[in-house]
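Each chain, letter by letter, is given below.
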Amino acid sequence: MEKYIFFDIDGVLNELNSFQKYSKVYLQEEKNNDIIIMKINDGLGNIILSGDFVYKPHLDLLKEAVSKTDAKLVGISTWFSSHDKENIERTLGLTIEGRIKGLDGDGTIRQKYIYEYLKGKPNVKYVIFDDIKSGFNEAHICVDSKKGLTRKNIEKAISILNN
């Protein structure tokens, strides 16, 4: 049986209030072990800071969920429209099976694309970490964007994927 974790980034791997909280130390990542700033290759061999970041404790929770379930990751964030997969994988330290591009933050559109992604894949278990309420089924784990991914969120995901 294949297992998938569909995940958003903003509001899941960071917090809405973290943008203000970390704006003063944003360009000094080495002084704050809680944030990981997206670094991109500018095509000329230079690594530059992109302006996007994740909160390390939330990323560690996602990694734990992947480790305990052997699930494949599929990105459903607008990050996948503005950054290439390799830069995101390097930033997160995770292998990403796939991505859904062209998302505008509308939960119903994400729902449609997730169903299309799973179409033709029999015997699949999946969960969705997203901060947008979409009317999905029990596989949708709505993350509070003010808190980001929590232990309770990943425990629910692990239970769904491993049972």
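The coordinates are above.
Residues numbered from 1 in each chain as written. Predicted model: local features only at pLDDT ≥ 70, side-chain atom pairs only at ≥ 80, totals over all residues. Heavy atoms only, no water.

### Side note on the pairing of strand β1 (residues 2-7)
Side-chain direction in a regular strand flips from residue to residue, so the side chains alternate between the two faces of the sheet.
Part 1: Most of β1 is tucked away: five of the six residues are buried.
Part 2: As paired elements, β1 and strand β6 (residues 124-130) share six bridges and run parallel to each other. Pairing of F6 across the sheet is with I128, part of β6.
Part 3: Alignment of β1 against strand β4 (residues 72-75), held across four bridges, turns out to be parallel. Its bridge partner lying in β4, F7 is registered against G75. (Buried < 20%, exposed > 50% of the residue type's maximum accessible area, 1.4 Å probe, protein only. Helix = DSSP H or I, 4+ residues; strand = E, 2+ residues; numbered from the N terminus. Pairing = 2+ DSSP bridges.)

### Concerning the pairing of β6
Part 1: With five of seven residues buried, β6 lies mostly within the body of the structure.
Part 2: The pairing of β6 with strand β7 (residues 140-142) spans three bridges and is parallel. Bridge pairing in β7 places F129 opposite I141.

### Here's the deal with helix α2 (residues 56-69)
Part 1: Here α2 is 14 residues long and its end C-alpha atoms lie 20 Å apart, about the 20 Å a rise of 1.5 Å per residue gives.
Part 2: Phi for D70, located one or two positions after α2, is positive at around 60 degrees. (Expected span 1.5 Å × (residues − 1).)

### Topic: helix α6 (residues 151-162)
Part 1: The end-to-end C-alpha separation of α6 is 16 Å, in line with the 16 Å expected for twelve residues at 1.5 Å each.
Part 2: Those residues of α6 not exposed but buried are N153, I154, A157, I158 and L161. Mapping the buried residues of α6 onto a view down its axis gives an arc of 130 degrees, with all of them on the same face. (Arc of directions from axis to C-beta.)

### Comments concerning the pattern of salt bridges
Part 1: The final tally for this structure, using the stated rule, is six salt bridges.
Part 2: A salt bridge links D60 to K56; the shortest N-O distance between them is 3.0 Å. Of this pair, D60 and K56 both sit in helix α2, four residues apart, roughly one helical turn.
Part 3: Exposure remark for D60: the relative accessible area of 34% places this residue in the partly exposed category.
Part 4: Since its relative accessible area comes to 33%, K56 is described here as partly exposed. (Salt bridge = Lys/Arg side-chain N within 4 Å of Asp/Glu carboxyl O.)

### A closer look at the packing of aromatic side chains
Part 1: Applying the stated rule across the entire model yields five aromatic pairs.
Part 2: Aromatic pair Y4 and F6: ring centres 6.2 Å apart, planes at 35 degrees, arrangement tilted.
Part 3: Y4 gets classed as buried once you look at its relative accessible area, which sits at 0%.
Part 4: The exposure class of F6 is buried, given its relative accessible area of 0%.
Part 5: Measuring from ring centre to ring centre gives 6.1 Å for F6 and Y126, while their planes differ by 90 degrees; the resulting arrangement is edge-to-face. With F6 in strand β1 and Y126 in strand β6, this residue pair connects regions lying 120 residues apart in the sequence.
Part 6: With a relative accessible area of 14%, Y126 lands in the buried category.
Part 7: An aromatic cluster is built from Y4, F6, Y117 and Y126, whose rings are joined through pairwise contacts.
Part 8: The ring centre of Y113 lies 5.3 Å from the NZ or CZ of K112, which sits over that ring.
Part 9: Here the guanidinium or amino end of K121 rests over the ring plane of Y117, the centre of that ring lying 5.1 Å away. (Phe/Tyr/Trp six-rings, centres within 6.5 Å; stacked < 30°, edge-to-face > 60°. Lys NZ or Arg CZ within 6 Å of the ring centre and 35° of its normal.)

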